[in-house]
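As a plain string of letters, each chain reads:
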Amino acid sequence: MFDLLATGLSIVLNPMTFLMLAGGTILGVIFGAMPGVSASMAVALALPFAYSMKPVISIAFLVSVYCASITGGGITAILFKIPGTPSSAPTTFDGYPMAQRGEAGKALGFSLIASAFGGMVAAFAMALISPQLATVALKFGPSELFAVSFLGLSVLSCLDSDHIVKTLISGLLGLLLACVGMDPMLGIARFTWGNSTLLSGIEMIPVMIGLFAITEVLKQTVKPKKIDAEKDSSSGNGQMGSVVPKFSEIWATKFTMIRASIIGTVVGILPGAGATIASFLSYAIEKKVSKHPEKLGTGIADGIVASEAANNAATGGSMVPLLSLGIPGGNAAAIMMTALVIQGVQIGPMLVKTQPEYLASVFGSMIVTNIIMVIVALGVAKVFAQILAVPYSILGPVICIFATIGAYALNNNTGDVMLMAGAGIIGYLFVKLGYNSAALVLGLVLGSMCESNFRRAYTLTNGSLYQIFTKPITAVIMVACIIMLVYPFIKPLIKGKKTA
Amino acid sequence: MDLIFSIGLLLGSIYLFFLVGAESPAASATELGASFWPRIILVLLMILVVVNIINYIKTAKAEGNSLVEGVDMIGFFKSKLFIGIIIVFAMALLLPYIGFIPSCFLFLMAYGMLLGDHKIPLAVIRSIILTLIIYAIFQGALDIMLARGTGVFRDFALFFEGILPF
């Protein structure tokens, strides 16, 4: 086990590879921090560089771009309320309010430290117990994956405890949007009204960009709110003096960081689950176990740490099914797989035995990247935070343009720009009426996974619901789901009884 | 407003419930069918929307408010929000025809003015510079394809692509 780690470090600490990793990290953070350039797009943009490298170095390089871009996505989530990736969406809940309060630097500092910690935990876990984790991941069939995605959905009940009904309605609307297009099992068109564009379904990225970025610009249009670059700077000159939180402040989030990293790693290894479920789940669990749950969402460090540590840990976790089972967990992993296959690497169960250096290279690269990333991302964050000093009459329209590019570049389709604009208006309506945009995104992200796995499980068990729900892993996760869903409703009753 | 939105959602859900049933073939013993999942979602949605409507009516009655409290359509059409929505949609609609460069410039100008940037010459110069910077970064350095538009606008975009140094 430790051999794998030692081999990985010896590969990535080679001067040439190290230089490539540093370059990949810089590219990744910058790409990720650019609104409209998602993690998968960042990996795709880095692909041409990887072709000219040796296969072992190229996977290390692409991993560094991937990890760094997820972290970079958190930067825009905090500063502009544009999550670079869906997994950064929960970061906006506390990161953006902190930025609005003039604590952008501190919020970014927490985000980067939590990201690095989550990534490191995942890397070490992968290096030490990846064969065992891969075996566990193989035990997850359709019914277990349905339970995991349902667990992600059960988060809905605790996203906004003041508007539970409206949050659930928002989540259901997201699930309904995920039904648009071809049915995942039979290929039958649903809710398309004969429109061929709708056959491919509703793209998540334009909806997310619209709900978060466009809505925010519309809000600022109606009621402008000054965002300070850094109000609490010790230097007092508008510079990001307090970008690194105090040690005592970081120490106060230690349990959140550990919890989120474990959740991220575990969820990350599940094929098809990924960073989005990890970050939402981690945020929801934080809300359940926190001593001050009412403060989450108002701009506190715990919320940022819960989301960022989990999504970075999940990127590490997602490398296990990719390399040991040949199952890409998401778009970025699929692009990396393509790069390796083109270079003649045989990805799958035999990789660990025949070419263990690839696995070692990934682990080594993740550890080193997460260290370099803190330094690089702090520099990038400082530059980006200065953007907040730009008047909103310039910044707002530029954010809209970045959002437009992000939506358009996905498929080179102007229909996605219309979708983004529509989502922006719906997002504004949601804000005004007390509905929850994050719940809609969560429903949209998990809808297809939930439906396809449930229906697959139903077919595999010859239509026996009993067999689906009595599988040990499924049963345990479903019980957890029910507790999470029901708890907000029975909590007032329990409290009432106690006071009586 | 919430009541109108909820009633709209309820009616929409009822329509979609019957639509998805009519579109999909019947389920079999081992396959739930294409309409099963959306119908579950729609039933839950209808129940929750009804709960929301009841909650709304109860709250409105308790506070002595009118059921259509807060609806000001005339005010909305005169608001900055409405103009902002129009500008965003105008850009989305114009993008396929006039391409990225002109629509970016026009959008930066129009939205900047809406947000209080009233010095027109300065706004024009700033919009041109920002458009060129954004275009150079995404189309040039990052090689991300941006909309070219049609006809003369396409030729214009191709001309710019030709002079990019990357």
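The rules behind each value
- Residues numbered from 1 in each chain as written.
- Chains lettered and ligands numbered in written order.
- Predicted model: local features only at pLDDT ≥ 70, side-chain atom pairs only at ≥ 80, totals over all residues.
- Heavy atoms only, no water.
- Helix = DSSP H or I, 4+ residues; strand = E, 2+ residues; numbered from the N terminus.
- Rg over C-alpha atoms; globule rule 2.2 N^0.38 Å.
- Buried < 20%, exposed > 50% of the residue type's maximum accessible area, 1.4 Å probe, protein only.
- Contact = heavy atoms within 4.5 Å.
- Areas by Shrake-Rupley, 256 points an atom, 1.4 Å probe, with all protein chains shown as cover.
- Domains from an automatic or database assignment.
- pLDDT = per-residue confidence, 0-100.
- Patch = residues over 30% accessible without salt bridge, like charges linked within 9 Å, V, L, I, M, F, W, Y side chains within 5 Å.
- Salt bridge = Lys/Arg side-chain N within 4 Å of Asp/Glu carboxyl O.
- Expected span 1.5 Å × (residues − 1).
- Buried area = accessible area lost by both parts, 1.4 Å probe.
- Polar contact = N/O pair within 3.5 Å; in protein donor to acceptor, adjacent residues only side chain to side chain.
- Phe/Tyr/Trp six-rings, centres within 6.5 Å; stacked < 30°, edge-to-face > 60°.
- Lys NZ or Arg CZ within 6 Å of the ring centre and 35° of its normal.

## Thoughts on the overall build of chain A
Summing up its helical and strand segments, chain A has 22 helices and two strands in all. For 500 residues, the compact-globule estimate of 2.2 N^0.38 gives 23 Å, and chain A sits close to it at 22 Å. Burial analysis of chain A (500 residues in total) assigns 63% to the buried set. A sequence separation of at least 24 residues applies to 78% of the contacts in chain A between residues at least 6 apart. Working note: accessible area of chain A is about 17,800 Å², and carbon and sulfur atoms make up 68% of it.

## Observations concerning the overall build of chain B
Each helix and strand in chain B was counted, giving seven helices and zero strands. Reading the secondary structure of chain B in the N-to-C direction produces α-α-α-α-α-α-α. The C-alpha radius of gyration of chain B comes to 25 Å, more than 25% above the 15 Å expected for a compact globule of 166 residues. Over its C-alpha atoms, taken along the principal directions, chain B stretches across nearly 60 × 55 × 25 Å.

## Thoughts on the domain arrangement of chain B
When its domains are assigned, chain B resolves into domain 1 (1-71) and domain 2 (78-166). Between the C-alpha centres of domain 1 of chain B and domain 2 of chain B the distance comes to 40 Å.

## A closer look at the confidence of the model for chain A
The predicted coordinates should not be examined in detail at positions where pLDDT is low. Residue and element names in this part refer to chain A. With 90% of its residues at a pLDDT of at least 70, chain A reaches an overall mean of 81. Least confident of the elements in chain A is helix α16 (residues 351-354), whose mean pLDDT is 71; most confident is helix α9 (residues 164-178), at 91. Low pLDDT, under 50, characterises residues 232-239; the predicted model gives this stretch 13 contacts beyond four residues in sequence or across chains.

## As for a nonpolar patch on the surface
Residues Val479(A), Ile482(A), Ile483(A), Val486(A), Tyr487(A), Phe489(A), Ile490(A), Leu493(A) and Ile494(A) make up a contiguous nonpolar surface patch of about 810 Å² in total accessible area. Following the sequence through the fold, Phe489(A) ends up in helix α22 (residues 472-499).

## Comments concerning helix α12 (residues 254-269) of chain A
Compared with the 22 Å implied by 1.5 Å per residue over 16 residues, the 23 Å span of α12(A) between its first and last C-alpha is a close match. The complete set of buried residues in α12(A) reads Thr256(A), Met257(A), Ala260(A), Ser261(A), Ile263(A), Gly264(A), Thr265(A), Val267(A), Gly268(A) and Ile269(A).

## Observations concerning the interface of chain A and chain B
Listed per partner, the contact involves 63 residues of chain A and 60 residues of chain B. Interface area, chain A with chain B, both sides summed: about 5,400 Å², of which 83% is carbon and sulfur. Among the residues chain A hides against chain B, the three largest losses belong to Phe191(A), Thr221(A) and Ile401(A). Together they make up 11% of the total. Taken together, the connections running from chain A to chain B amount to one salt bridge. Where Lys166(A) meets Asp2(B), a salt bridge forms, and the shortest distance between an N and an O atom there is 2.7 Å. At the boundary of chain A and chain B, one finds six residue pairs in polar contact (both at pLDDT 80 or more).

## What about the side chain of Ser261(A)?
Relative to the helices and strands, Ser261(A) is located in helix α12. Among all residues touching Ser261(A), those that are not within four sequence positions of it are Phe117(A), Gly118(A), Val121(A), Ala309(A) and Ala313(A).

## A look at the packing of aromatic side chains
Per the stated rule, a full pass over the model turns up 18 aromatic pairs over all chains. For the ring pair Phe247(A) and Trp251(A), a centre distance of 6.0 Å and an interplane angle of 20 degrees mean the geometry is stacked. Remark: Trp251(A) and Phe247(A) occur in helix α11 (residues 247-251); sequence separation between them is four residues, near one turn of the helix. Trp251(A) sits in the partly exposed class, given a relative accessible area of 49%. Ring centres of Phe156(B) and Phe160(B) lie 5.0 Å apart, and the angle between their planes is 75 degrees; this geometry places the pair in the edge-to-face category. Remark: Phe160(B) and Phe156(B) occur in helix α7 (residues 152-163); sequence separation between them is four residues, near one turn of the helix. Here Phe156(B) falls in the partly exposed class, since its relative accessible area comes to 35%. Classification of Phe160(B) by relative accessible area gives buried; the value is 17%. Put simply, the rings of Phe146(A), Phe150(A), Phe454(A), Phe469(A) and Phe36(B) touch in pairs and so form one group of aromatic residues. When the ring centre of Tyr435(A) is taken as reference, the NZ or CZ atom of Lys166(A) above it lies at 5.3 Å.

## Notes on unusual backbone geometry
Unlike most non-glycine residues, Phe191(A) shows phi in positive territory, near 50 degrees. Within the secondary structure layout, Phe191(A) lies in the loop between β2 (189-190) and α10 (204-222).

## Considering the environment of Leu465(A)
All names here are of chain A. Following the sequence through the fold, leucine 465 ends up in helix α21 (residues 465-469). A C-alpha to C-alpha distance of 9.8 Å links leucine 465 and phenylalanine 454, two positions eleven residues apart in sequence. Those residues in contact with leucine 465 that sit more than four places away from it in its chain are Phe454 and Tyr458.

## A few points about the pattern of salt bridges
All names here are of chain A. If you walk through the whole model with that rule in mind, you get eleven salt bridges over all chains. When the shortest N-O distance is used, the salt bridge between glutamate 216 and lysine 219 registers 3.4 Å. A residue pair is termed a helical-turn pair when its members lie 3 or 4 positions apart in one helix, as glutamate 216 and lysine 219 do in helix α10 at three residues. Connected through salt bridges with shared partners, the residues Asp183, Arg190, Glu451 and Arg455 form a single ionic network.

## Focus: the confidence of the model for chain B
Residue and element names in this part refer to chain B. Looking at chain B as a whole, the pLDDT averages 86, with 96% of positions reaching at least 70. Put simply, helix α3 (residues 73-78) is where chain B has its lowest mean pLDDT, 77, and helix α5 (residues 100-114) is where it has its highest, 92. Here the prediction assigns the complex a pTM of 0.79, and the interface score ipTM is 0.89.

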